[in-house]
Structure formats: structure tokens, C-alpha cells
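A look at the structure
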Amino acid sequence: MDASPPLPRIRLLATGGTIAGAHKDGGGYESAAISTETLLEAVPGLAAVAAIEVEQVAHIGSQDMDQKVWLKLAATAQQALDDPAIAGVVITHGTDTMEETAYFLNLVLKTDLPVVLVGAMRPATAISPDGPMNLYNAICVATHRESATRGVLVVSNDEIHFAREIAKSNTTQVGTFKSPNRGLAGFVNRGRLHFFGPTVLKHTSASEFAPCELTELPRVDIIYAYAGMPRDLIDASVQAGARGIVIAGVGAGNMNKSVQAVCSDAVKAGVAVVRSSRTGGGIVARNIEIDDDRAGFVVAEELNPAKARVLLMLGLSRGLNTAALQALFTIY
Ligand code: GLU
């Protein structure tokens, strides 16, 4: 008689990305070209770690990720997490927009169970693909009880990142992911976990946006600031129907005087304006070189532009005013 306990059940939600990519004749490669079953077969030892159930949610390179897929992914993940037989959820995803999807799910999934996103920088057919080890580590993290209540995590290159902190920092290298402000959630080496302290910020079961009941998200644009930036970029965004604009500002979220003036007009017209930074690290604080109180701006504090956009979309979907929107950036 076999007395060994049953393996933890993991629902693997596949969306595509380079982890499922294959080389094309002529040098390039195509995202989401191979099946998830083939991917799993390439990972030795996985069958001893978890009983894995695969569900294909999308079949895209993550540059094609959008709100529609986010909402579908959130609903599918929530359904899995609400199943008492499931120990955790793993999501395969391209690395280009991984940080946005991870942060969105961190805010909208009502769960204490582990949710782990995983991708790869090299396609499955590369000389030395990073996907199989990333996938092995991600499944190990998702099965581990220590991973619970930490919010959505991303596993890559032997590192465990918090969804809120992670950012892609390099176009091709396997060590692309960094968590520049608050640092890593931990390490994982061939399935052995070493966690650091949990985050003190709200997420998942403590999030006011979870579970996700939205059927659409408001339009929020990101506009990149630069020397000589013209003000008509802001006008174009407002005219296109944006309910919010995130400025990827220079330095500590700065923009030139003319852009400040047009942003302030946008606020008066009911469009929320959030100042973030294009630098990739550090804090955008209120009222330093720009009088945010007077202009009616919100500052993104530690959130990079892509993540500030996610939080602003959720805040606007609740109809929050400027002060309440600003508070979100301290809590989440
Ligand atoms: N564009 C691809 C994607 O994000 C490449 C990046 C990757 O998966 O590593 O899906």
C-alpha cells in the first residue's frame, strides 16, 4: 500500500510568452509557439513536486497583454483559488509586461494562497533555456506553505520578487528582473526556498479591490517626459478620452512648466494626473519642485509608471477623488 501523502494540486494558467517560445528559421523567435504540456515535459523532477492541472487562458507574447486578458486571467485565477482542492496557482507569462500583470493580480485576487508568475528570457528551443528551471522553482514556491500570505510573487533566475517591486531592467539578459526599491522577497535554488521578510503593504486578501468585480477598466495613459516635451501630448490624451494620465517624469517626477500647466488644466477637467518617474528607482514625493497641492496632482511615491497606471485604473474605477487616490499610493 502506498502511504505517501497526495501531491499538492497546482493550477497552471498559461498565457504564452518566451517561456513557450520557439526559434523561427532566419534567426528570430515566436512567443507562445509550443504547448504548455511540452514545456512541463522539459522539466525533470516536476512530477514529484505537484499534481499540475493546465488551463490555457491566452496564447500571446505579453506585449499583447491588455485589460481584457487581465480581467479574464483574474477571474480564472480567482476560480482556481476558491477551489478548496487547489494549493496554489502558477501563471506562465511573457516578461515584457509581467510586472504590470503581477501587480494587477496582487490587487484584485482575494486569496492567501500562493500565486506565482513565471516566464523566461530565452525561448524553449534556445541553447540554454532558462524556462525549465524557472518553472521548476515557480511550482516549488507555489506548493510551499511559507509562500502563502505574501501576495503575488514572480520567480525568475533563482529569485523571488514581490509583484509590487519587480521591474524588467534589461532587454535580453536572464537576470533582467530587479526589485529596485524594497528588494527581493527571497531566493529559490532548485526548489529550496529562502524567504526574507514579508511586505508591510496591502495586497490580495487585504485589498479593497479584491475580488475583482469589474468588467472594464478606465483608460489611463502613460506619457514619457523628456527635454523639450510638447504640451499637446497631454491634450491628445485628454481628447482621446483618458480618465487618468501617468507622467513618466524626468528625475523625481518632473515635467516642464508648460506641461505642468496643461496637466493642471486636465485635472480641472476631471482627469487624474499622477507623477511617476522614468528613472527606474526612488521616490516621487509631493510638493518638492512642483506644487502638487495647487495643481491637484497625485504622486506615485515608489511605483514606476506602469504600476502607477494599474493602481490609478483601479482607483478611478471606484470613483475616488484626488486625496483618496493619493492615499492608495501609500497603502498599496
Ligand atoms: N515579447 C515577449 C513577451 O513578453 C518576450 C519576452 C519574454 O517572454 O521573455 O512575451
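The notes below deal with the structure included here. (Residues numbered from 1 in each chain as written. Predicted model: local features only at pLDDT ≥ 70, side-chain atom pairs only at ≥ 80, totals over all residues. Heavy atoms only, no water.)

Looking at the packing of aromatic side chains
Throughout the structure, instances matching the rule amount to 3 aromatic pairs. Ring centres 5.4 Å apart and planes at 85 degrees place the aromatic pair Phe-187 and Phe-196 in the edge-to-face group. A cation sits over an aromatic face here: Arg-150 above Phe-195, 3.9 Å from the ring centre. (Phe/Tyr/Trp six-rings, centres within 6.5 Å; stacked < 30°, edge-to-face > 60°. Lys NZ or Arg CZ within 6 Å of the ring centre and 35° of its normal.)

Re the side chain of Ser-264
Considering the arrangement of structural elements, one finds Ser-264 in helix α6 (residues 257-268). You can call Ser-264 buried: its relative accessible area is 12%. Not counting chain neighbours up to four residues away, the residues in contact with Ser-264 comprise Ala-295 and Phe-297. (Helix = DSSP H or I, 4+ residues; strand = E, 2+ residues; numbered from the N terminus. Buried < 20%, exposed > 50% of the residue type's maximum accessible area, 1.4 Å probe, protein only. Contact = heavy atoms within 4.5 Å.)

Things to note about the side chain of Thr-97
Mapping Thr-97 onto the fold places it in the loop between β5 (88-92) and α3 (98-108). Judged by relative accessible area, which is 13%, Thr-97 ranks as buried. There is a polar contact of 2.8 Å between the side chain of Thr-97 and the backbone oxygen of Ser-62. Not counting residues up to four positions away in its chain, the partners in contact with Thr-97 are Ser-62 and Met-65. (Polar contact = N/O pair within 3.5 Å; in protein donor to acceptor, adjacent residues only side chain to side chain.)

What about the pattern of salt bridges?
Any two side chains of opposite charge can pair if their charged atoms end up close together. In total, this model carries 14 salt bridges according to the counting rule given. With its nearest N and O atoms 2.9 Å apart, the salt bridge here joins Glu-165 to Arg-164. The residues Glu-165 and Arg-164 share a single accessibility class, namely buried. Among the charged side chains, a salt-bridge network with shared partners connects Arg-9, Arg-11, Glu-53, Glu-55 and Asp-83. (Salt bridge = Lys/Arg side-chain N within 4 Å of Asp/Glu carboxyl O.)

With respect to the site of the ligand
Taken together, 13 residues lie around the ligand, and Ser-62, Gln-63, Thr-95, Asp-96 and Ala-120 are the ones closest in. With respect to the ligand, the side chain of Ser-62 contributes an N or O atom lying 2.6 Å from an oxygen atom. The backbone of Ala-120 places a nitrogen or oxygen atom 2.6 Å from an oxygen atom of the ligand. Burial of the ligand by the protein amounts to 93% of the accessible area it has alone, namely 280 Å². (Near = heavy atom within 4 Å. Areas by Shrake-Rupley, 256 points an atom, 1.4 Å probe, with all protein chains shown as cover.)

Some remarks on the packing of helix α8 (residues 305-317) against helix α9 (residues 322-331)
Where α8 contacts α9, the axes come no closer than 10 Å and their chain directions differ by 135 degrees. Classed by the angle they form, the pair α8 and α9 counts as oblique. Crossing of α8 over α9 shows right-handed handedness. Contacts from Ala-308, Leu-311, Leu-312, Gly-315 and Leu-316 in α8 reach Leu-325, Leu-328 and Phe-329 in α9. Here the contact of α8 with α9 is composed, by residue class, of 7 nonpolar, 1 polar and no charged. (Axes fitted to C-alpha atoms, helices over the stretch in contact; angles between N-to-C directions. Parallel < 35°, antiparallel > 145°, perpendicular 65-115°, else oblique. Left-handed = near helix turned anticlockwise from the far one by under 90°. Nonpolar A, V, L, I, M, F, W, Y, C, P; charged D, E, K, R; others polar.)

Some details on the sheet that holds strand β13 (residues 220-224)
The strand order across the open sheet formed by 4 strands is β13-β14-β15-β16, and the pairing between neighbours is parallel. On the outer flanks of this sheet lie β13 and β16 (298-299), each paired with one strand and no other. Examined bridge by bridge, β13 and strand β14 (residues 244-249) share 5 bridges and lie parallel to one another. The partner of Ile-223 across the bridge, within β14, is Ile-247. (Pairing = 2+ DSSP bridges.)

Focus: the environment of Ala-306
Along the polypeptide, Ala-306 turns up in helix α8. Each C-alpha atom, one on Ala-306 and one on Ile-127, is 32 Å from the other, the two residues being 179 residues apart in sequence. Those residues in contact with Ala-306 that sit more than four places away from it in its chain are Glu-100 and Ile-222.

Looking at the pairing of strand β6 (residues 115-118)
Side-chain direction in a regular strand flips from residue to residue, so the side chains alternate between the two faces of the sheet. Here β6 shows two buried faces, one formed by Val-115 and Leu-117 and the other by Val-116 and Val-118. Once you follow β5 into α3 and on to β6, the crossover reads as right-handed. Bridge analysis of β6 against strand β7 (residues 152-156) gives 4 bridges, and the strand direction is parallel. Bridge assignment links Val-115 to a residue of β7, and that residue is Val-152. (Right-handed = clockwise from strand over helix to strand, strands pointing away.)

What about a nonpolar patch on the surface?
On the surface, Tyr-224, Tyr-226 and Leu-233 cluster together to form a nonpolar patch covering roughly 290 Å² of accessible area. Position of Leu-233 relative to the elements: it lies in helix α5 (residues 232-239). (Patch = residues over 30% accessible without salt bridge, like charges linked within 9 Å, V, L, I, M, F, W, Y side chains within 5 Å.)

What about the nonpolar core?
Residues Phe-104, Leu-105, Leu-311 and Phe-329 are the most contacted members of the largest nonpolar core, which totals 51 residues. No other element matches helix α2 (residues 67-81), which puts 8 residues into this core. When near neighbours in sequence (up to four residues on either side) are disregarded, Leu-311 contacts Tyr-103, Leu-107, Phe-209, Leu-303, Leu-328, Phe-329 and Tyr-332. Judged by nonpolar contacts, the second largest core, of 30 residues, contains Ile-19, Ala-120, Ala-138 and Ala-142. (Core = buried A, V, L, I, M, F, W, Y, C linked by side-chain atoms within 4.5 Å.)

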